[in-house]
Amino acid sequence: MTGTPQGGVISPLLANAYLHRLDRAWRGAYGRLVRYADDALVMCRSKGQAVSALARLTILLADLGLEPKVAKTRIVHLTVGEGVDFLGFHHRLAAPVEQVVQDINMFLRGWAGYFRFGNSARAFDKIRNYALLRLALFLGKRHQRGRSWGFARVYRSPDSLGLISLNGIVAAPRPNRAWRAPTEHRRHERWT
């Protein structure tokens, strides 16, 4: 928008006030419009509907004296491996369960490696239980079954579908020693 500083604290408020007319003029026949400030995403069921939605969006924005930014405007099919970035998140159709478990495990390993020092066993149990719960809900939703079906798949699996365990990785602090190993620089300072 003209006169609105990009990234300014008032910018989202002004964009929401100005683009309220777009929200009111949008009809569901063109897909579902999701908008935050000046960022917008339209979810459609078919490529034809997406093309019509882009044309309608361009017309509505032109009526407001605006136009879509060419570099950021595109039609995307949300398949595995392809997706769209919106509001700091990458959106795509769900990957296979194995890929989801692999992504969760990568996150849990990094998080547990950092926070394993001290008294964190109880927190690790809560985090793993939460990860199991979310994985069960994901499975139930993905297969269009109830949550109990997802719980049965996760909890009956001998290895919780490959989700890593956080038990036994807590390192208790030792008296008169740092919790974390010193860096090479600090190690060098000690011996010189």
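Residues numbered from 1 in each chain as written. Predicted model: local features only at pLDDT ≥ 70, side-chain atom pairs only at ≥ 80, totals over all residues. Heavy atoms only, no water.

1. Description of the confidence of the model for the chain
Detailed conclusions should not be drawn from predicted coordinates in areas where pLDDT is low. Let me state the cut-off plainly: A score from 0 to 100, pLDDT tells how confident the predictor is in each residue. In this text, helices come from DSSP runs of H or I with a minimum length of four residues, and strands from runs of E with a minimum of two, each type numbered from the N-terminal end.
Residues with a pLDDT of 70 or more make up 84% of the chain, whose mean pLDDT is 80. Ranking the helices and strands of the chain by mean pLDDT puts helix H3 (residues 47–63) first, with 91, and helix H7 (residues 184–191) last, with 50.

2. Let's talk about a nonpolar patch on the surface
Condition: Exposure above 30% relative accessible area and the absence of a salt bridge qualify a residue for a patch, where like charges join within 9 Å and nonpolar side chains (Val, Leu, Ile, Met, Phe, Trp, Tyr) within 5 Å. The Shrake-Rupley method, run with a 1.4 Å probe sphere, supplies the accessible areas, and residue values consider only the shown protein chains as cover. Every case where a carboxyl oxygen of Asp or Glu lies within 4 Å of a side-chain nitrogen of Lys or Arg is listed as a salt bridge.
A cluster of nonpolar residues, Val9, Ile10, Leu13 and Leu14, forms a patch on the protein surface that exposes about 410 Å² of accessible area. Of note, leucine 14 is situated in helix H1 (residues 11–18).

3. Quick look at unusual backbone geometry
Under the convention used in this document: Per-residue accessibility, obtained with a 1.4 Å probe over protein chains only, is compared with the maximum for each type, and a residue is labelled buried under 20%, exposed over 50%, and partly exposed between these values.
Residue alanine 37 is not a glycine yet carries a positive backbone phi of 55°. Along the chain, alanine 37 turns up in the loop between strand S1 (32–36) and strand S2 (39–43). Judged by relative accessible area, which is 6%, alanine 37 ranks as buried.

4. Overview of the environment of isoleucine 169
In plain terms, the rule: Whether two residues are in contact is decided by their heavy atoms, any of which lying within 4.5 Å being enough.
Structurally, isoleucine 169 is set in the loop between helix H6 (147–156) and H7. By relative accessible area, which is 26% here, isoleucine 169 ends up partly exposed. C-alpha separation for the pair isoleucine 169 and glycine 113, spaced 56 residues apart in sequence, amounts to 8.3 Å. Ignoring sequence-local partners within four residues, the contact set of isoleucine 169 consists of Ala112, Arg116 and Phe124.

5. Notes on the pairing of S1
Selection criterion: At least two DSSP bridges between two strands are required for those strands to pair.
Because side chains alternate across S1, one face comprises the buried residues Leu33 and Arg35, and the other comprises Arg32, Val34 and Tyr36, none of which is buried. As paired elements, S1 and S2 share five bridges and run antiparallel to each other. Paired with tyrosine 36 across the strands is aspartate 39, a residue of S2. Between the end of S1 and the start of S2, which pair antiparallel, lie two residues, with alanine 37 showing a positive phi angle near 55°.

6. Some words on the packing of aromatic side chains
Counted only if it meets this: Planes of paired rings set the category: under 30 degrees apart is stacked, over 60 is edge-to-face and the rest tilted, where pairs are Phe, Tyr or Trp rings (Trp by its six-membered ring) whose centres lie within 6.5 Å.
The final tally for this structure, using the stated rule, is three aromatic pairs. Judged by centre distance (6.1 Å) and plane angle (25°), the rings of phenylalanine 151 and tyrosine 155 are stacked. Of this pair, phenylalanine 151 and tyrosine 155 both sit in helix H6, four residues apart, which is roughly one turn of the helix. A residue is classified by how much of its surface remains accessible, and phenylalanine 151, at 23% relative accessible area, is partly exposed. Among the residues examined, tyrosine 155 registers a relative accessible area of 48% and is labelled partly exposed.

7. What about the nonpolar core?
For clarity, the cut-off: To form a nonpolar core, buried Ala, Val, Leu, Ile, Met, Phe, Trp, Tyr and Cys residues must be joined to one another through side-chain atoms within 4.5 Å.
Of all hydrophobic cores here, the largest spans 16 residues; its most connected members are Leu108, Leu135, Leu139, Val154, Leu163 and Leu166. Taken together, the elements giving at least two residues each to this core come down to helix H4 (97–115), helix H5 (121–142) and H6. The greatest single-element share of this core, amounting to six residues, is contributed by H5. Excluding residues that lie within four positions of it along the chain, leucine 108 makes contacts with Ile127, Ala131, Leu163, Ile164 and Leu166. With nine residues, the next largest nonpolar core counts Ala53, Leu57, Leu60 and Leu64 among its residues.

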